Amino acid sequence: MAQQAVQKNTLYVGGLAEEVNEAILHAAFIPFGDIKDVKTPLDQATQKHRSFGFVTFLEKEDAAAAMDNMDGAELYGRVLTVNYALPERIKGGEQGWAAQPIWADADTWFERQQQEEEMQRIQVENQAAMRAAEELHRKKLAEERQGEKEDETEMKDDPMARAEAEVLNQSN
């Protein structure tokens, strides 16, 4: 299985007591640094959190300090498990799971679209240039053939040129 990238500023906090809500979780982790986000995913059936949550710090160093200090600590009589969080798994993508929501790469999608359009434009320009070059080449060949015909008519009148041409043909 491919190693999933760890999010160094998001912590997984497991072993939460039922009473712990996002505000309490925020209060427990704020001493370690500025918090960007706190989530406690709810169980759809019970509408209670599933005894774990995620705390996202602005700085990786703050997340590391929080993990060092809070892993194994007690909160509301329960021992916490604190680790770096793996990316959220959302259905879709490779092997049925995507590391990010489908809209997360919207900006890169637009960039890719622009790049593809640019590539197509360049391809069309190149094809046009190739056609122009081929046309030019055909014209030159036609002119050369015209010149050869003129040379042949000159040869008929020039016995020396005719003899040279015959020697060349025999050696080829």
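As a reminder, the structure under discussion sits directly above these lines.
Remember, predicted model here, so these are calculated numbers, not experimental data.

Along an α-helix, residues three or four positions apart point the same way, because every turn accommodates 3.6 residues. Looking only at helix α1 (residues 22–29), the buried set comprises Leu25, Ala28 and Phe29. Seen from one end, α1 has its buried residues packed into an arc of 85°, which puts them on one side.

Glancing now at helix α2 (residues 60–70). Burial in α2 covers these residues: Asp62, Ala63, Ala66, Met67 and Met70. In an axial view of α2, the angular spread of the buried residues amounts to 135°, which keeps them on one side of the axis. The exposed set on the far side of α2, more than 90 degrees from its buried face, consists of Lys60, Glu61 and Asp68. Backbone geometry just downstream of α2 places Gly72 in the positive-phi region, at approximately 90°.

Of all six residues making up strand β3 (residues 52–57), five are buried, and the element is well covered by its neighbours. Alignment of strand β2 (residues 35–39) against β3, held across four bridges, turns out to be antiparallel. Each bridged residue has a counterpart across the sheet, and for Asp37 the counterpart in β3 is Thr56.

Mapped onto the secondary structure, His49 falls in the loop between β2 and β3. The class of His49 is buried, set by a relative accessible area of 16%. Within polar-contact distance, the side chain of His49 engages the backbone oxygen of Ala17 at 3.1 Å. Within polar-contact distance, the side chain of His49 engages the backbone nitrogen of Ser51 at 3.0 Å.

Evaluated as defined, the whole model comprises three aromatic pairs. Judged by centre distance (6.0 Å) and plane angle (65°), the rings of Tyr12 and Phe54 are edge-to-face. With Tyr12 in strand β1 (residues 7–14) and Phe54 in strand β3, this residue pair connects regions lying 42 residues apart in the sequence. One aromatic cluster in this structure is built from Tyr12, Phe52 and Phe54.

With that settled, the discussion passes to the side chain of Asp62. By the element assignment, Asp62 lies in helix α2. Asp62 has contacts with Phe32, Gly33, Asp34 and Phe57, leaving out every residue within four places of it along the chain.

In this structure, Leu11, Val13, Leu25, Phe29, Val55, Phe57 and Val82 are the most contacted members of the largest nonpolar core, which totals 20 residues. Looking at this core, the elements with two or more residues in it are β1, α1, β2, β3 and α2. Sort the elements by how many residues they give to this core and α2 lands first, with four residues. If we ignore the near neighbours within four places in the chain, the residues touching Phe29 are Leu11, Val13, Ile35, Val55, Phe57, Ala66, Met70 and Val82.

As a further point, take unusual backbone geometry. Even without being a glycine, Gln47 presents a positive backbone phi close to 60°. As for its placement among the helices and strands, Gln47 is situated in the loop between β2 and β3. Gln47 gets classed as partly exposed once you look at its relative accessible area, which sits at 48%. The backbone phi angle of Tyr76 is positive, close to 55°, even though this residue is not glycine. Mapped onto the elements of the fold, Tyr76 is located in the loop between β4 (74–75) and β5 (78–79). Residue classification places Tyr76 among the partly exposed residues on the basis of a relative accessible area of 44%.

Moving on, we get to the pattern of salt bridges. As a working rule, side chains carrying opposite charge can pair if their charged atoms are close by. Taken as a whole and assessed by the stated rule, the structure comprises five salt bridges. One salt bridge in this structure joins Lys39 and Asp37, with 3.0 Å as the shortest N-O distance. On the basis of relative accessible area, Lys39 is assigned to the partly exposed category, the value being 40%. With a relative accessible area of 29%, Asp37 lands in the partly exposed category. A network of salt bridges, in which partner residues are shared, links Glu118, Arg121 and Glu125.

What counts and how
- Throughout, residues of each chain are indexed from 1 in the direction in which the sequence is written.
- Local features are withheld for residues below a pLDDT of 70 in this predicted model, meaning they are given only at 70 or higher, and side-chain atom pairs are given and counted only at 80 or more; totals for whole chains, interfaces and linings count all residues.
- The basis for every side-chain value is the complete set of non-hydrogen atoms in the structure, without hydrogens or water.
- Categorising residues by exposure relies on relative accessible area from a 1.4 Å probe, with only protein chains included: less than 20% of the type maximum marks a residue as buried, more than 50% marks it as exposed, and the intermediate range marks it as partly exposed.
- Here a strand is any run of E in DSSP of at least two residues, a helix any run of H or I of at least four, and the numbering for each starts at the N terminus.
- Summarising the geometry, the arc corresponds to the directions from the helix axis toward the C-beta atoms.
- Any two strands with at least two DSSP-identified bridges between them are counted as paired.
- Definition of a polar contact: a pair of N or O atoms within 3.5 Å, with one able to donate and the other able to accept a hydrogen when the atoms are protein atoms, and with sequence-neighbouring residues admitted only if both atoms are side-chain atoms.
- Here the aromatic set is Phe, Tyr and Trp, taking the six-membered ring for Trp, and pairing holds for ring centres within 6.5 Å; pairs whose planes are under 30 degrees apart are stacked, those over 60 apart are edge-to-face, and all others are tilted.
- In what follows, a contact means two residues having at least one pair of non-hydrogen atoms within 4.5 Å.
- In these notes, a set of buried Ala, Val, Leu, Ile, Met, Phe, Trp, Tyr and Cys residues joined through side-chain atoms within 4.5 Å is what counts as a nonpolar core.
- When a carboxyl oxygen of Asp or Glu lies within 4 Å of a side-chain nitrogen of Lys or Arg, that pair is called a salt bridge.

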